Every structure is written in C-alpha cells, then in structure tokens.
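If you want the building blocks of each chain, they are given just below.
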Amino acid sequence: MIDFLLKSTISLTVFLGFYHLVLEREKMHQFNRFYLLFSIVISLVIPFLTFEIIKIVPAVQNFETIVEEPLLIPSTGISIEEKIDYTPYILSSLYGIISFLLLVRFGKNIRKLISKSNSNQNVKYKNANLVLVEEETLPHTFLNSIFINFDDYNNRNIEDELYSHELVHVTQKHTLDILFIEFLKAIFWFNPLFIFYKKAIQLNHEFLADEEIVKTYNNVPFYQNLLLQKGNGNQTIYLASNLNYLVTKKRLIMMTKSTTQKIAVLKKIAIVPILAGLIYFFCVEVVAQEKTEATTISQKKYTPNDKDKIRDSYYSNVRIMLKDLRTNIIINKMYEELSLEEKRSYLSWVPDIIIEKEIPQPLFERMKTKNMAVWINGKTSSKEEIKKYKRTDFNYYTYSFVHKNARSKRFPQEYQYTLYTKKYFDENLKNSHLHFSNDTLKMVISNYDRATKKVSELLNPKSVVADTIVWQTKGKEGYNLYVNDSVEKKKESSSIYAINDIEIKPEFQGGISEFYKYIGKNFKIPKEIATDGKIFVQFVIESDGKISNVKVIKDIGFGTNEETIRVIENSPKWIPGKKDGKPVRVQYSLPILIKPN
C-alpha cells in the first residue's frame, strides 16, 4: 500500500507540475482536458505495472551446504502466545469510516441536484433542459440541466452568451469530469493533490466554454465585461459547472491568446519523455539472470588424462561407500581401489579453485550506511556490525539476485551479499578444491524421480547412510549434495551420530515436554506474524550435554531464524546420548509450532 501511495503521488505531482508550467498557458484546451484525466488514471495504474529487463550476470558460486539427515522428529509441537497489535486495524477502520461518510455525502449531493431538477419547472432548450428555480442564482450546469432563476428567465435578464456558455458544458459533458474527480477525492481524501486537479479541470472547462463563445459571438470586450459583472454572484455549487468560477486574469487573457500549431505540437511531444521517465523509474525492473559457467571438470577443456589426475588428487585416500539403486551395485573401497570406469562414472565432479576477491570500496561503504542483506561468514549482520570491520578484513565475497517471490519482509532487497573474513577463507574456502574434506564419502545413485524422496526412504536399514545423493537420468543429470555438518565444516576428531545409531538417546532434564516449556517461556514471537507456522531446527547435543551447531532448516520469516537459534543456544544442558556406554555427540532435530493468537 505504501508503495502504491508513494508512486501514485509522485506521478500525480509530476504530471500536474508539467501542466501548470507548460500546458496551461497554451490555447489547446481540448488536449489539456484529456491530459488532466489521463494523468490521474495513469498515475493510479503505474504502481501496478511491471516491465522486466533481463540482465545477464556471471553465476555466483554458492558455498553454503544444505544439511539433510534422516533424524528423529518428535510429533509434539509447542504453542507460544503473543498479543495482537490492533493499530493497523484501527487505522484501516478509521480510513474506511471517513471514506464511507464522504461517499455518502457525495451521493446525497448528486441526489439533491437530480431532485432539484425533477421538482422544478423544466423548459426544453436545444439539447439541454432549463431548470427554473425560485432562489436567486447564476446559471450553472449539472449533466444536461442548466439551472437559472425563474424571474430572470421570464424577464429576459439572461444574455444569449450566458446560455451558450452553459450549453457548452452540457454538450461536452463536463459534469462527468467533475463527478470523476469528486469520487477520487472521497476515496483519497488524505491526498490534497486531487483538490488541485479539480481546480485545474474546472478552470480548463471554463477555458473551453469561453473559447466557444468568443468564436460564436466575436465580441471579446463585451463578453469579458459580462463575466466581470456576473463574477460577484452567489457562491458556486461544487458538483456543477458554474458561470462565475474563477473569473480571473487567466480567463480574460486566454480569450485573446493564440497558440501556433508548431508550439502546440512541440509541447504535446514533451509529454513523452515525462511519461517514459516515470515508467522507467517505477515500472522497469532489472532481473539478473545468471550466465552459467563451466564448474565441473567434465565441462572444462581437459583431456581425459588431465581429468583423471585432478580427480585422483582430490579423492586420494578417501573411502568410497556407494550404492547404485539403479543397478543394486554396492561399493565399499578406498578410492585407489576403484576401477578407472568406476572413477569416471561415479566421481566426475571436483570443485573449482576459489580465488580471493576484494569488496569494491563503494559497495562496502553502502553496506555500512544502507539497510542491505549482508551475511558475514554465513551469519546475518547489520550495518552497525559491518562498521566494526575494515574492508581489508575480508578476503572474499559473493552475491546473488533474489527474485520477487523469494524475498521476505525482513529481507526485501534484490541482492544478498556474503562476506568472508581472511581467517574463515583460509580455513574453509582457500584449499577446498584440493582435497575432499573428509576421509569417507558416502553416496547413493538414484533415478531422478526417486532422488526427490527423503534419504531414509531411499535406503534400507542395512544400507550405508548417505551424505551425498546423485541422480543420473537422461536429460536430468546432476548432483544433489547432502553433507553432514561435522564432515564438511567442523573436521572434529569425534563423530556426530544420528539418533537412531546410538543405544541411549539424549534427553532434556524432565523430558522433551520440559524443553518445550523452556522454549515457550523464552521465545519472543515477532509482531508481524499473524498466522500459525512451524519451524524446524537442527542442533548437536555434545558429549557434555551442551548444545552446538544450531541450524534452522525451515523458518517462517520475520526474524524467527535468529530467535530460534538464540533460544536453543541458551538452553540448559541435556543428558547426553551414549554409544557403547560412552557419551557421544548426537545430531537432533525437532519442530516448533508457532501460534500467535
């Protein structure tokens, strides 16, 4: 809504300013009439128009790993209450009430004029009706009715020029313009621009009527004097076209003014860049489309022997535990024991080298002053946190374009950036292309349709648990990596066990219900959340009962990711799980059900 109001208001202001500065002074009133109406319509439409321009950008490598393990998910959820913010409802109700009252007033005034026309004597006059009223009034027009004083009509006190003036309003249907702008004033009562538009439209109506009288009677001085004499009449009716509306210097000068055809054409053409500029700034959206670059050794221009050497170096001394669900082939060997055919068939991919890349100074300065979507070493960071760093503290950065349907209220930006410090780069990225990060690679090969299932559904209980699933179906070949967090990042000496692989499972003091009570007491629900939602969180219960490696697999936006991590990380100690009678590190997962109402 804010976006609509901002864009429409700016457009209305630009069009109205152009009218007053360029068009109003020229004698091309018919064009100006439709310009003013068109300006209002296009200003209200522009916020809803979108024209996408595709911009090709280099593909950005993504170094984040998706974690997906067949873990135990408790079926119970937690409900957390939050007070409702009634401010939006109050403001919406207030706007609706005021708009409704103004529309009722608008309708009553229309009915009053129609009733006035039907209850008084009507006299047919050319293509209009003369409505003879008792009260003293100057001629004024509503739809096809011209209201005049009964005595003035019978005593012939109304000049022919005045009849002709009002007849122009009837013939050209000026009342419809006024009804249109009055309706918008009732809807957008908070926007004063519509008041100025109505004044401009009504004055242009008088220009049109005056122009017709000057052409017909060709006596400008007499008509000017007549208007000045009538200009002190009683007050005007806001839904009618009134004879004495703004009898100002502008109207008197316009009667004697002339505009050459060349000037008129040039000023009409000048509208085009104004309209084009508004459409460009408000409607054109540049969509970055990544240009895919070769990232696997099979795509680069290497000889088969070159590919083999690179692969041999990357997977050297790595145990390959593999099951091909297409052929039921099971492999459990050291890499060096594989045949050349098996190596080329199953292990064709190795990562490219990651080269240090400095952040451009202008971009880094914007990050410190603007609200941009920025992560540092994988964690979200504010501009205040970024100010604590120098540009030279970072050795590498990546960015990605976020399509509209993927943006959240918390991160509405088109681009997201990730910065990597020198230490993080050296430990995690610099040499990641040289050797596989663990001593064992677990892999399952599946057809494409089966690879979309969960890991636990692909494997039977006696099979190896996969860190990596690869599908190879004609036309849909590729890797889908599911890498255990301990294998890829932590490189710790002790292993992390799945909950089904240990004898004694970890437990919170008092049971899982007590853990949920702890979360319910400490979790702060963002005010923006209005409907129920479910968060899935994954973490490691260390051998001493502490919680580490907290990761939100699925959140519901509005900062629930960070809040979940905060609450889980501050949890009291658990009773650790045990395998072979010894405390071990266990990966655990559970859902959190959010109920704001």
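Residues numbered from 1 in each chain as written. Predicted model: local features only at pLDDT ≥ 70, side-chain atom pairs only at ≥ 80, totals over all residues. Heavy atoms only, no water.

Draft legend 1. Fine view of the packing of helix α1 (residues 2-23) against helix α2 (residues 29-45). Running from N to C, α1 and α2 point in directions that differ by 165 degrees, and their axes come no closer than 8 Å. Relative to α2, the element α1 lies roughly antiparallel. For the pair α1 and α2, the sense of crossing is right-handed. Of the residues in α2, those in contact with Phe4, Ser8, Ser11, Leu12, Phe15, Phe18, Tyr19 and Leu23 of α1 are Phe31, Asn32, Tyr35, Leu36, Ser39, Ile40, Ile42, Ser43 and Leu44. (Axes fitted to C-alpha atoms, helices over the stretch in contact; angles between N-to-C directions. Helix = DSSP H or I, 4+ residues; strand = E, 2+ residues; numbered from the N terminus. Parallel < 35°, antiparallel > 145°, perpendicular 65-115°, else oblique. Left-handed = near helix turned anticlockwise from the far one by under 90°. Contact = heavy atoms within 4.5 Å.)

Draft legend 2. Region of interest: the environment of Glu136. Inspection of the secondary structure puts Glu136 in the loop between β3 (128-133) and β4 (140-142). Sequence-wise, Glu136 and Asp152 are 16 residues apart; in three dimensions their C-alpha atoms are separated by 8.7 Å.

Draft legend 3. Focus on the sheet that holds strand β13 (residues 415-421). Taking strand neighbours across the sheet as the criterion, the four strands line up as β11-β10-β13-β12 in an open arrangement whose pairing is mixed. If you trace the sheet from one side to the other, it starts and ends with β11 (379-381) and β12 (394-401), each paired once. Along the sheet, successive strands turn relative to each other by an average axial angle of 30 degrees, direction set aside. Direction of pairing for β12 relative to β13: antiparallel, over a ladder of seven bridges. Paired with Tyr396 across the bridge in β13 is Tyr420. Against the sheet, helix α14 (residues 361-369) contacts β10 (373-376), β12 and β13, and its axis sits at roughly 105 degrees relative to β13. (Pairing = 2+ DSSP bridges.)

Draft legend 4. View of empty space enclosed by the protein. Per the stated rule, a full pass over the model turns up five cavities of 30 Å³ or more. Of the pockets and cavities examined, the second largest cavity occupies roughly 40 Å³. Forming the boundary of the second largest cavity are Lys27, His29, Phe207, Asp210, Glu211, Val214, Arg251, Met254 and Met255. Every element with two or more residues in the lining of the second largest cavity is listed here: α7 (193-217) and α9 (249-254). Examining the composition of the lining of the second largest cavity, we find that four residues originate from one element, α7, more than from any other. In terms of residue class, the lining of the second largest cavity is made up of four nonpolar, one polar and four charged. (1 Å grid on protein atoms, 1.4 Å probe; cavity = no way out; pocket = protein on both sides within 12 Å on 5 of 7 lines; lining within 4 Å. Points joined across faces, edges and corners; volume = space filled by probe spheres on them. Nonpolar A, V, L, I, M, F, W, Y, C, P; charged D, E, K, R; others polar.)

The analysis is restricted to geometry; functional conclusions fall outside its scope.
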